[in-house]
Amino acid sequence: MTNSNVRILVVDDEPPIRKLLRVGLASQGYAVSEAPNAKAAIELMAQDKPDLVLLDLGLPGMSGHELLRKWRDDGFDMPVVILSSRTDESGIVDALELGADDYITKPFGMNELVARIRVALRHRFQQQGERPVFQTGDLSVDLVKRIVKVEGKEVKLSPKEYDILRILVQYAGKVLTHQFLLKQVWNDSTDVQYLRVYVRQLRQKIEKTPDQPRYITTETGVGYRLREVE
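The rules behind the values
- Residues numbered from 1 in each chain as written.
- Predicted model: local features only at pLDDT ≥ 70, side-chain atom pairs only at ≥ 80, totals over all residues.
- Heavy atoms only, no water.
- Pairing = 2+ DSSP bridges.
- Helix = DSSP H or I, 4+ residues; strand = E, 2+ residues; numbered from the N terminus.
- Axes fitted to C-alpha atoms, helices over the stretch in contact; angles between N-to-C directions.
- Contact = heavy atoms within 4.5 Å.
- Buried < 20%, exposed > 50% of the residue type's maximum accessible area, 1.4 Å probe, protein only.
- Lys, Arg positive; Asp, Glu negative; His and termini not counted.
- Salt bridge = Lys/Arg side-chain N within 4 Å of Asp/Glu carboxyl O.
- Polar contact = N/O pair within 3.5 Å; in protein donor to acceptor, adjacent residues only side chain to side chain.
- Parallel < 35°, antiparallel > 145°, perpendicular 65-115°, else oblique.
- Left-handed = near helix turned anticlockwise from the far one by under 90°.

## Description of the sheet that holds strand β5 (residues 102–106)
Taken together, five strands build an open sheet; the order of strands is β2-β1-β3-β4-β5 and the sheet is parallel. Edge positions in the sheet fall to β2 (31–35) and β5, since each has one partner strand and no second. Across the sheet, the mean angle from the axis of one strand to that of its neighbour is 20°, orientation sign disregarded. With four bridges joining them, strand β1 (residues 7–11) and strand β3 (residues 52–56) adopt parallel strand pairing. For I8, the partnering residue across the bridge sits in β3 and is L52. In the packing of helix α4 (residues 89–98) onto the sheet, the strands contacted are β4 (80–85) and β5, and the crossing angle to β5 comes to about 155°.

In structure tokens:
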């Protein structure tokens, strides 16, 4: 699907932000519609059925969280990228738990936003399911044979370390919250510190410089993301 066929709905109550997004995304070939509040967004969703939504959380009246919950309850599964302030970590986490696909904090660069949009769209437009062999940079993960290699050399992981990496690979490029990872790997809300210990151990095994990770990056106060690098 080309950019010209992709419809993006921008939901934000600030006219300058909507104009910035309208002009910037249109220059990338996207078709953009705008809504200043939840009521208008609900109407446009029914009319246009956009491929992706850029959603501000601080809307007047019905909040962005309430709007997202309504859409997901109504069965709308389009990708949603949250537009948020840098200080609203709890709001970001809540939105991701409600079904948002990613987030970007204001102020943001258009190149960064377009990259997030492409990742979110790729997860929906490609057929879902784990790739038999995931490759990014020098990291290779065979999801069938459960073999992990770095620079062609096999790396031995503990079962929990592998489970964390497998989930990150399944959602490569997307930010995953601490609670999501804890539920997927431990099936409960184990202390986040427990997860951090395992991620640190995993980085020691797959990263050249664990303190400056290339693959598993930290989303401060939110969770982790597996970056797909060149």
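The structure having been displayed, the exposition proceeds.
## Things to note about the side chain of E207
Relative to the helices and strands, E207 is located in the loop between α8 (192–206) and β11 (216–219). Buried E207, no salt bridge; nearest opposite-charge side chain is R203, N-O distance 5.1 Å. Polar side-chain contacts of E207 include one of 2.7 Å to the backbone nitrogen of R214. At 2.9 Å, the side chain of E207 forms a polar contact with the backbone nitrogen of Y215. Setting aside its immediate chain neighbours within four residues, E207 contacts P213, R214, Y215 and I216.

## A few points about the pairing of β11
Of the strand pairs in this sheet, β11 and strand β12 (residues 223–226) are connected by four bridges, and their pairing is antiparallel. What sits directly across from I216, in β12, is L226. The turn joining β11 and β12, which pair antiparallel and follow one another in sequence, is formed by three residues; a positive phi near 75° is taken by G221.

## Observations regarding unusual backbone geometry
Among all residues except glycine, the phi angle is most often negative; among peptide bonds, the trans geometry is most common. Omega for the peptide link from K106 to P107 comes to -10°, which places this bond in the cis form. Considering the arrangement of structural elements, one finds P107 in the loop between β5 and α5 (110–125). The residue K49 is not glycine, and still its phi comes out positive at about 45°. You can see K49 is positioned in the loop between α2 (38–48) and β3. Although it is not a glycine, R146 sits at a positive phi angle of roughly 60°.

## What about the packing of α2 against helix α3 (residues 64–73)?
It is the contact of α2 with α3, at a shortest axis distance of 11 Å, that shows an interaxial angle of 25°. By the angle class used here, α2 and α3 are roughly parallel. In terms of crossing hand, the pair formed by α2 and α3 is right-handed. The segment α2 lies against α3, with A38, A41, I42 and M45 engaging L67, K70 and W71.

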